[in-house]
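Residue-level structural notes
Below, each chain spelled out in residue letters.
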2 protein chains.
Amino acid sequence: MGNLADKFREYFLQNSLKELHDTIQELSISELILLWHDFNEGESLQLFSYLDLEQKIDLINQISEEEQSDLLKALSSEGQRQILMQMDPDDLADLIQTVNHDVRETVWNSLDEETRKETQFLLRFDSDDAAGLMTPRYVALRSNITVEQAIRFIREGNKDLETIYYVYVVDNLQRLMGVISLREILIAKDQERIGERMEKNVISVREDTDQEEVAKILEDNDFIAVPVVDSFHRLLGIVTFDDVIDVIREEQTEDIYKMGAMEGSADVYLHTSVWKLLKKRIPWLILLLLTGTITTNVLDLFSHIFDAAAFLIIFIPVITQTGGNTGTQSSTLIIRGLAMGELQFSDLGKVILKEIALGILMGIILGVLILARSLFLPPVVGLYEAVVLGFSLIFVVLFSTIIGSIAPLLIHKAGGDPTVIAAPLMSTFIDVMGLTIYAVTAQTMLSMASG
Amino acid sequence: MGNLADKFREYFLQNSLKELHDTIQELSISELILLWHDFNEGESLQLFSYLDLEQKIDLINQISEEEQSDLLKALSSEGQRQILMQMDPDDLADLIQTVNHDVRETVWNSLDEETRKETQFLLRFDSDDAAGLMTPRYVALRSNITVEQAIRFIREGNKDLETIYYVYVVDNLQRLMGVISLREILIAKDQERIGERMEKNVISVREDTDQEEVAKILEDNDFIAVPVVDSFHRLLGIVTFDDVIDVIREEQTEDIYKMGAMEGSADVYLHTSVWKLLKKRIPWLILLLLTGTITTNVLDLFSHIFDAAAFLIIFIPVITQTGGNTGTQSSTLIIRGLAMGELQFSDLGKVILKEIALGILMGIILGVLILARSLFLPPVVGLYEAVVLGFSLIFVVLFSTIIGSIAPLLIHKAGGDPTVIAAPLMSTFIDVMGLTIYAVTAQTMLSMASG
């Protein structure tokens, strides 16, 4: 990719217009985005000026909010207008919601009356809901028109429609009565009525359905689009598969960030300022540090045990780390199951039984392993000391497995987001409890031996 | 959901056929899957027998490999044949590759000659490649036919086609020459030739293109389907958006599993045996335990320092945990950037600079915090001891941030999968190095104070 950027830099330098246009023509949108991220601001703007309108719109839809603001600010008002008027209304509404305040005003002024109305309609809705993803540019017909009329309508139709592959049937109050795919229409005979061929049992979402739920419904049904209705079952718009893919990617990044102990949205790393990255990272680190220091109290509380049996100290990190790893595994499995809709709170009993079985098995395997390791590899400890370590680890693993599986179910039940507790908060809790279990087990076993 | 399952149990018990059929008619595929997972095997089979053919196929495509095997084994050979013959060929090929050996043979025998040929063709390809996702049921035409002829062809066409919304244009050697959407065809005039209207610059993937790459291409271009070609640019099949969504979900689960220190595929938790869960979890735990015990050597090596300044011991878990959290944040950001194609190895310099700045800022904030915490909250330490802790933490955080960001870039460059090192292996390495930094910093500062 570096080569492509350099090639463009040379073209810019030598002002080789023909080569520029030819190379840009060949660029896929993926290459375009990579190139955009490789360039500095001046180069990006230069590249942008050579793109055709469609490429410009594709690119704008794929860059971050900050980049959108910067780019729009740099364009002439005619350049802005040209792009904005051609954008899909749902993308336009998103853009207007996210750009800087000053950019927003010039954007708004450059729209014509009709686009402004359409956008205003979309701006009423929360951007994380079904309505926030929808476009109002769908095909809607009445049930009594014939297949032939429908085909003619579509063939002469508005080229701004987001998709023509599903035709929605509404009554005179705009209520959704049915749906028929273009495919069904084409297969049907010319004189048949749409109402006879349409699917009456339409799967739709409400305007306030959460975007993840919308994604799930579209996915499960392999739909190209899903209709959005209000509380009177009136058709408001449709959400298309490409927006759903964006939602899945976005949620994916946010989930992965949460597992990595961070909050916030998916931004392009290289284009995110140190300040913004700090804001994303430091709150979690502070929280984890403060809760994590509870381990100092635990160790202080049991210091007499560690003083009496110094070999226990050097195994502290192994014990806490193994507990943390086991707990994270359990919570990851449960959280994923909850997210995919395969698990629910009523499965608590089954989950606990399974995790107890797993905890015992894994505890024994790991316990034997640390016993063997500490008998045969330096730092070598005595046999009874190794047995103490092995038993401690069994209890820590069993405990961590159970907590790691129960906690997400409880948090989910209470209406919280179990992902935020996954890797990070879990490990703090498991550290504290793991050290306690470790100290108490060791003390009990050592006093049994000496007593 | 529990209510729905109970409702069905009652219907089964009372043999209420009409209510059963009515309720099943209303079930969405998502509800059907939830119900399936709520039922035991006998109930599931009973439910299955009442589904219509389409629901049966939808369900089979959504359940796990083990469940597919079990279900097929339980069906009569006529029941099997009916379902298998109606499945999409790509789904059928997947099923044949994954079911038990004994089920595979009966499945194979129940197919007719044509389906067997089609499936055999698909079975030649790796299931993780573009070809493993593709269906051979697309529309292909020659460039010289007219729009009117094309529409007639589609209207009279084969109902088994996966999509008719893209029409591919091939030459007499089956080489891909262009593509035209059904929408473009409908807008065009009857007498125009397909060749004049088609897009000649077709974006396609090779048969061996990795499935993640295929997903990225379809996503970036908002395609409903993307064509798959061989090395002679001959059209082999198409990959549709619904298969791409499945790929994205699958990769998502696998990435999340890897971050949770597990290997393997996405299975339904409640339907996965303890044995299979153990196989997924224990290898990582063993690896992490064995590498993690290196910390015992480090602590053993520096035991004279810890003996001389006992307050250092109780802060061991906080230091390692904070280092681990910081490193995990950095590696999560970099790994996600790599996965989304926003980062590459050549960005190493920029990444390091950014992480150094972040590491210093976060280190100072966290260092001051632990200093204050250990001065004012029990277990209280002296001022100079608190300063030692603060400085140690700064160095540990800075180191962890840099390693957490460089390691994924290096591993990616070397062709490895950076996700597997994310949370787990990273934290072991950072534990070992963090403890070393901690011990050395403390020793240096304490000897400075006493010297």
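Remember, predicted model here, so these are calculated numbers, not experimental data.

Scoring rules and cut-offs
Residues numbered from 1 in each chain as written. Chains lettered and ligands numbered in written order. Predicted model: local features only at pLDDT ≥ 70, side-chain atom pairs only at ≥ 80, totals over all residues. Heavy atoms only, no water. Pairing = 2+ DSSP bridges. Helix = DSSP H or I, 4+ residues; strand = E, 2+ residues; numbered from the N terminus. Axes fitted to C-alpha atoms, helices over the stretch in contact; angles between N-to-C directions. Least-squares fit on C-alpha atoms with pLDDT ≥ 70 in both. Contact = heavy atoms within 4.5 Å. Buried area = accessible area lost by both parts, 1.4 Å probe. Salt bridge = Lys/Arg side-chain N within 4 Å of Asp/Glu carboxyl O. Nonpolar A, V, L, I, M, F, W, Y, C, P; charged D, E, K, R; others polar. Core = buried A, V, L, I, M, F, W, Y, C linked by side-chain atoms within 4.5 Å. Buried < 20%, exposed > 50% of the residue type's maximum accessible area, 1.4 Å probe, protein only. pLDDT = per-residue confidence, 0-100. Parallel < 35°, antiparallel > 145°, perpendicular 65-115°, else oblique. Left-handed = near helix turned anticlockwise from the far one by under 90°. Phe/Tyr/Trp six-rings, centres within 6.5 Å; stacked < 30°, edge-to-face > 60°. Lys NZ or Arg CZ within 6 Å of the ring centre and 35° of its normal.

Comments concerning the sheet that holds strand 2 (residues 166-170) of chain B
Residue and element names in this part refer to chain B. What the three strands build is an open sheet, ordered 1-2-3; its pairing is mixed. Across the chains shown, the open sheet's two edge strands, defined by having one partner strand only, are strand 1 (139-141) and strand 3 (176-181). The average angle at which neighbouring strand axes cross in this sheet is 30 degrees, direction not considered. Two strands pair when backbone bridges link them, and strand 1 and strand 2 are joined in this way by three bridges, in the parallel orientation. Bridging from a neighbouring strand, Leu141 pairs with Val169 of strand 2.

Thoughts on the relation of the copies chain A and chain B
Between chain A and chain B, the superposition needs a rotation of 180 degrees and an axial shift of 0.0 Å, giving an RMSD of 0.2 Å. Here the two chains are linked by the operation of a two-fold rotation axis. Mapped onto chain B, 100% of the interface residues of chain A are again interface residues, and the two copies thus contact each other with one and the same surface.

Thoughts on the interface of chain A and chain B
If you look at the interface, chain A gives 122 residues, while chain B gives 123 residues. Summing both sides of the interface, chain A and chain B together bury roughly 11,000 Å²; the carbon and sulfur share of this comes to 64%. The largest share of the area that chain A buries against chain B comes from Arg155, Arg183 and Tyr269 of chain A, three residues that together contribute 8% of it. Taken together, the connections running from chain A to chain B amount to six salt bridges. Among the ionic pairs, Glu219 of chain B bridges to Arg249 of chain A, the shortest N-O distance being 2.8 Å. In terms of residue count, helix 20 (residues 316-339) of chain A provides more of the side of chain A that touches chain B than any other element does, 14 residues in total. Of the residues that constitute the side of chain A that touches chain B, the class distribution is 64 nonpolar, 32 polar and 26 charged.

Overview of the nonpolar core
Proteins that are soluble and globular tend to have nonpolar side chains buried together. One finds Phe306 of chain A together with Phe306 of chain B to be the most contacted residues of the largest nonpolar core, which totals 107 residues. The biggest single contributor to this core is helix 22 (residues 383-413) of chain A, with eleven residues. Phe125, Val139, Val214 and Ile224 of chain A belong to the second largest nonpolar core, which has 105 residues in total.

Focus on the confidence of the model for chain A
Confidence in the prediction for chain A averages 88 pLDDT; 98% of positions are at 70 or higher. Interface confidence in the predicted complex, given as ipTM, is 0.82; pTM for the same model is 0.83.

A word on the packing of helix 16 (residues 241-259) of chain A against helix 21 (residues 316-339) of chain B
For the pair helix 16 of chain A and helix 21 of chain B, the least separation of the axes is 10 Å and the interaxial angle reads 160 degrees. One way to sum up the angle between helix 16 of chain A and helix 21 of chain B is to call them roughly antiparallel. Both helix 16 of chain A and helix 21 of chain B take part in a crossing whose hand is right-handed. Between helix 16 of chain A, through Arg249, Gln252, Thr253, Ile256 and Tyr257 of chain A, and helix 21 of chain B, the contact on the second element is made entirely by Thr332, Leu333 and Arg336 of chain B. Looking at the contact of helix 16 of chain A with helix 21 of chain B residue by residue, the class counts come to three nonpolar, three polar and two charged.

Let's talk about the environment of Ile245 of chain A
Among the secondary structure elements, Ile245 of chain A is positioned in helix 16. When its relative accessible area of 2% is taken as the criterion, Ile245 of chain A is described as buried. A sequence separation of 26 residues divides Ile245 of chain A from Glu219 of chain A, and the C-alpha atoms of the two residues are 9.4 Å apart. With sequence-adjacent residues up to four places away left out, Ile245 of chain A is seen in contact with Leu218, Glu219, Ile245 and Ile248 of chain B.

Regarding the pairing of strand 5 (residues 225-229) of chain A
Taken residue by residue, a regular strand's side chains alternate between the two faces of the sheet. Residues and elements named next belong to chain A. Burial runs high along strand 5: five of the five residues are buried. Of the two faces of strand 5, both are covered, the one formed by Ala225, Pro227 and Val229 as well as the one formed by Val226 and Val228. Across two bridges, the pairing between strand 4 (residues 205-206) and strand 5 is parallel. Across the sheet, the residue bridging to Arg206 is Val229, located in strand 5. Pairing geometry for strand 5 and strand 6 (residues 235-240), over five bridges, is antiparallel. Bridging across to strand 6, Ala225 finds its partner in Thr240.

Some words on the pairing of strand 2 (residues 166-170) of chain A
Residues and elements named next belong to chain A. Most of strand 2 sits inside the fold, with five of its five residues counted as buried. Of the two faces of strand 2, the one carrying Tyr166, Tyr168 and Val170 and the one carrying Val167 and Val169 are both buried. Where strand 2 meets strand 3 (residues 176-181), five bridges bridge the pair, whose relative direction is antiparallel. Bridge pairing links Val167 to Ile180 in strand 3. Once strand 2 ends, the chain turns through five residues before running back antiparallel as strand 3, passing Gln174 with a positive phi of about 70 degrees.

Side note on the pattern of salt bridges
A full pass over the atoms with the stated rule returns 30 salt bridges over all chains. The salt bridge partner of Asp417 of chain A is Lys258 of chain A, with a shortest N-O separation of 2.5 Å. Highlighted residues: Asp417 of chain A in the loop between helix 22 and helix 23 (423-450) and Lys258 of chain A in helix 16, separated in sequence by 159 residues. What makes Asp417 of chain A partly exposed here is its relative accessible area of 30%. A relative accessible area of 15% places Lys258 of chain A in the buried class. A salt bridge links Glu192 of chain B to Arg197 of chain B, with the shortest nitrogen-to-oxygen separation between them at 3.1 Å. Glu192 of chain B sits in the buried class, given a relative accessible area of 19%. Of the residues examined, Arg197 of chain B reaches a relative accessible area of 28% and is grouped as partly exposed. What emerges from the salt-bridge pattern is a single network uniting Asp6, Arg9 and Glu43 of chain A.

Side note on unusual backbone geometry
Cis geometry is found at the peptide bond from Pro378 of chain A to Pro379 of chain A, where omega equals -5 degrees. Within the element layout of this structure, Pro379 of chain A appears in the loop between helix 21 (348-376) and helix 22.

Some points on the environment of Met198 of chain A
All names here are of chain A. With respect to the secondary-structure elements, Met198 resides in the loop between helix 14 (194-197) and strand 4. Separated by 218 residues in the primary sequence, Met198 and Gly416 place their C-alpha atoms 41 Å from one another. Sequence-distant contacts of Met198, that is, excluding residues within four places in its chain, are made with Val169, Met177, Gly178, Val179 and Ile180.

Some points on helix 8 (residues 89-98) of chain A
Quick reminder: α-helices carry 3.6 residues per turn. Residues three or four places apart thus point the same way. Along helix 8 of chain A, seven of the ten residues are buried, which leaves the element largely enclosed by surrounding structure. Along helix 8 of chain A, the residues classified as buried are Pro89, Asp90, Asp91, Leu92, Ala93, Leu95 and Ile96 of chain A.

Regarding the packing of aromatic side chains
Taken as a whole, this structure holds 26 aromatic pairs over all chains when the rule is applied. With centroids separated by 6.4 Å and ring planes inclined at 75 degrees, the aromatic side chains of Phe8 of chain B and Phe39 of chain B adopt a geometry described as edge-to-face. You can see Phe8 of chain B sitting in helix 1 (residues 2-14) and its partner Phe39 of chain B sitting in the loop between helix 3 (29-38) and helix 4 (41-50), a full 31 residues away along the chain. On the accessibility criterion, Phe39 of chain B (5% relative accessible area) is buried. Measuring from ring centre to ring centre gives 6.3 Å for Trp36 of chain B and Phe48 of chain B, while their planes differ by 65 degrees; the resulting arrangement is edge-to-face. Taken together, the residues Trp36 of chain B in helix 3 and Phe48 of chain B in helix 4 connect sequence positions twelve residues apart. We classify Trp36 of chain B as buried; its relative accessible area is 5%. Members of the aromatic cluster, each reached through a chain of ring pairs, are Phe8, Tyr11, Phe12, Phe39 and Tyr50 of chain A. The positively charged end of Lys354 of chain A is found above the aromatic ring belonging to Tyr269 of chain B, 5.4 Å away from the centroid.

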